[in-house]
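Each chain, letter by letter, is given below.
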Amino acid sequence: MNLKHYLAVTLALTATCASSQVTSLLPMPEPRNIIYDYVPSDSTELIVTEEGEEINPAFFDDLVETVPADTIMLIPEEVFTPVLTTLFPTYNLRPTVFDTLHIQDSLRIATTPVVTLVDGNPEVGAWINEDALRTDLMKRVRQNYIIGHPELIIYNEAHLPEPPRHFTATVDPETARIVISEVIPEFTAKPELEVVFGKKHWLKEFNVNLQFSQAFVSPNWYQGGNNSLNALASVFYKVRLNPAFHENLLFENTFQYKLGMINSPEDKMRDYSISEDLFQWNMTAGYKSTKRWYYSMNAQFKTQFLNNYKKGTNDLKAAFLSPSELNVGIGMTYNYTNPKKTLTFDASISPLSWNMKTCVNKRMDVTSFGIKAGHKTVHEIGSSAEGKLSWQICDNIALRSRLFVFSDYDYLQSDFENTLMFTINKFLTTQIYVHMRYDTSADKTDDDDWRKFMLKEILSFGFTYKFNT
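The structure contained in this document is the topic of the report that follows. (Residues numbered from 1 in each chain as written. Predicted model: local features only at pLDDT ≥ 70, side-chain atom pairs only at ≥ 80, totals over all residues. Heavy atoms only, no water.)

Brief notes about the overall build of the protein
Scanning the protein from terminus to terminus reveals two helices and 20 strands. Expressed as a percentage of the 469 residues in the protein, the buried residues total 33%. Long-range contacts, defined as pairs at least 24 residues apart, comprise 59% of the intrachain contacts of the protein with a sequence gap of at least 6. For the protein, the exposed surface amounts to about 30000 Å²; the carbon and sulfur share of it is 59%. (Helix = DSSP H or I, 4+ residues; strand = E, 2+ residues; numbered from the N terminus. Buried < 20%, exposed > 50% of the residue type's maximum accessible area, 1.4 Å probe, protein only. Contact = heavy atoms within 4.5 Å. Areas by Shrake-Rupley, 256 points an atom, 1.4 Å probe, with all protein chains shown as cover.)

Structure (structure tokens):
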């Protein structure tokens, strides 16, 4: 018998009729070392085939006698065009162990050589192709056997028996004795990974921006114009109670500060002027009433830090706490967050609201802020409403908007702030900021169209840094 016939015998093991003839490959699980120390019997006897090739029958392990001769004829002979000349590894005769399900090609045997070391001479490196053919064949045999006879598979990878114990013998020269000791393999136990998720009660958001805009106009520019350099720095910080652990509570604090400066070539007294100086604090606290409604209290405070002068004069337009506003209202708040967590909307209505204005700088006219002459503060009772929107439109576009309205039933004032941010990468952004204000108590100006309605718009490009939890 040559190896060509042996491969036919191996394929025959996949047939259904062979289930009772291959039990010699599947010993009972009592021998614990059958998987690890399998040694075929009669490993010294050689068989000489008709072609004169010597074959060790240990590679067959007496399986040839268990297969009827007519079974060999079931396999087309043209399939086995390669002739195997290398020895068959004995580990392929170990009992079948299921590890995982392998998806094999639709072809039963690959006929294309795996490698060709020398073009035009397939004999060079033929042993590589033979080994690949044998490996592919054995994978198919084992896979078909496992699928066809799952009840005969004794072992799987998760329940293999313990490996056999190994011993070593050493001579003790002092006692002239042979000491036999067990060889214990070195094994370092991996520490058990324990995943602990701590409760994060506060969710935080932090954003820092430094924006610039610049223009240069040559002295001979046909339309004229002035050089300009603008800078805007902003810091935004928000912390709120995690609704996942505090479903019945609503608490949110927001701090922001903006400072903008522009060069002022027309101002003979200063090289720059302040275009934006705003510190603002907002707080919302509430207790759940229904699904999205809360009994709430809202508070806000805003002022500026630096002195701001009218162009070309020493007349103050604004200073620290001059003016400043503090508003506290009690009412109901509606809170909504979409399932994707990309949109958050809050709307607060405060039927009872208290508003205080201050102007502590003696160099300023307090009456321009609705405060009586000789006083530094004014207290007003009325109603207020506030709406806040935070929307992540897409991965690199975000909108933050806030509307606040207060009235003491004698006058009305409102602020509508919108910030649209375009993220270029992790550190670069473009930002559009629009602040609209309406105040029925504002002083008259030379332009009647801008008496009650005020507008500020800034388009800038610059650096950003942000993180959130």
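So that's the structure; there's more coming.
Quick word on the packing of aromatic side chains
By the definition in use, this model includes eight aromatic pairs. Among the aromatic side chains, those forming a connected cluster through ring pairs are Y257, F279, F305 and F320. Across from the ring centre of Y309, 4.2 Å away, lies the NZ or CZ of R270, which sits over that ring. Positioned over the ring face of F236 is R400, at 4.0 Å from the centre of the ring. (Phe/Tyr/Trp six-rings, centres within 6.5 Å; stacked < 30°, edge-to-face > 60°. Lys NZ or Arg CZ within 6 Å of the ring centre and 35° of its normal.)

Here we look at the pairing of strand β18 (residues 412-423)
Note on strand geometry: in a regular strand, side chains alternate between the two faces of the sheet. By the bridge criterion, eleven bridges tie strand β17 (residues 397-407) to β18 in an arrangement that is antiparallel. Of the residues in β18, the one forming a bridge with R402 is E417. Once β17 ends, the chain turns through four residues before running back antiparallel as β18, passing Y409 with a positive phi of about 70 degrees. When β18 meets strand β19 (residues 428-439), the two strands line up antiparallel, connected through eleven bridges. Looking across to β19, one finds that S414 is bridged to Y438. The turn linking β18 back onto β19 is made up of four residues. (Pairing = 2+ DSSP bridges.)

Concerning the pattern of salt bridges
Two side chains with opposite charge may pair up if their charged atoms get near one another. The full count for this structure, using the stated rule, is eleven salt bridges. Of the charged contacts, one joins R402 and E386 as a salt bridge, the two residues approaching to 2.9 Å between their closest N and O atoms. Here the residue R402 occupies a position in strand β17, and E386 occupies one in strand β16 (residues 377-394), the gap between them amounting to 16 residues. The pair R402 / E386 is uniform in exposure class, with both members buried. (Salt bridge = Lys/Arg side-chain N within 4 Å of Asp/Glu carboxyl O.)

Let's talk about the nonpolar core
One finds L316, A319, C359, M364, V366, I371 and V378 forming the largest nonpolar core, which totals seven residues. Setting aside anything within four residues of it in sequence, one finds M364 in contact with L316, K317, A318, A319, S322, C359 and F369. (Core = buried A, V, L, I, M, F, W, Y, C linked by side-chain atoms within 4.5 Å.)

Notes on unusual backbone geometry
Across the chain, the bulk of peptide bonds are trans and the bulk of non-glycine residues have phi less than zero. Looking along the chain, the bond that leaves S322 and enters P323 is cis, with omega of 0 degrees. Tracing the chain through its elements places P323 in the loop between β13 (316-318) and β14 (324-337). Here the phi dihedral of L321 falls at roughly 60 degrees; this positive angle occurs in a residue that is not glycine. Structurally, the position occupied by L321 is in the loop between β13 and β14. Relative accessible area serves as the criterion here: at 26%, L321 is assigned to the partly exposed category. With phi around 70 degrees, Y409 is a residue other than glycine that occupies positive phi space. Mapping Y409 onto the fold places it in the loop between β17 and β18. On the basis of relative accessible area, Y409 is assigned to the exposed category, the value being 65%.

So, the sheet that holds strand β9 (residues 249-263)
Pairing is antiparallel around the closed barrel formed by twelve strands, whose spatial order is β7-β8-β9-β10-β11-β14-β15-β16-β17-β18-β19-β20. Neighbour-to-neighbour, the strand axes of this sheet turn through a mean angle of 20 degrees, independent of strand direction. Bridging between strand β15 (residues 343-358) and β16 involves 14 bridges; their strand directions are antiparallel. Residue pairing in the sheet places W354 in a bridge with I381 of β16. (Axes fitted to C-alpha atoms, helices over the stretch in contact; angles between N-to-C directions.)

Describing the pairing of β19
Every second residue of β19 is oriented toward a common face, the buried set being T429, Q431, Y433, H435, R437 and D439 and the non-buried set L428, T430, I432, V434, M436 and Y438. Looking at chain direction, β19 and strand β20 (residues 453-468) are connected through eleven bridges and run antiparallel. Paired with I432 across the bridge in β20 is L459.

It is worth stressing that arrangement in space is one thing and function is another; only the former is reported here.
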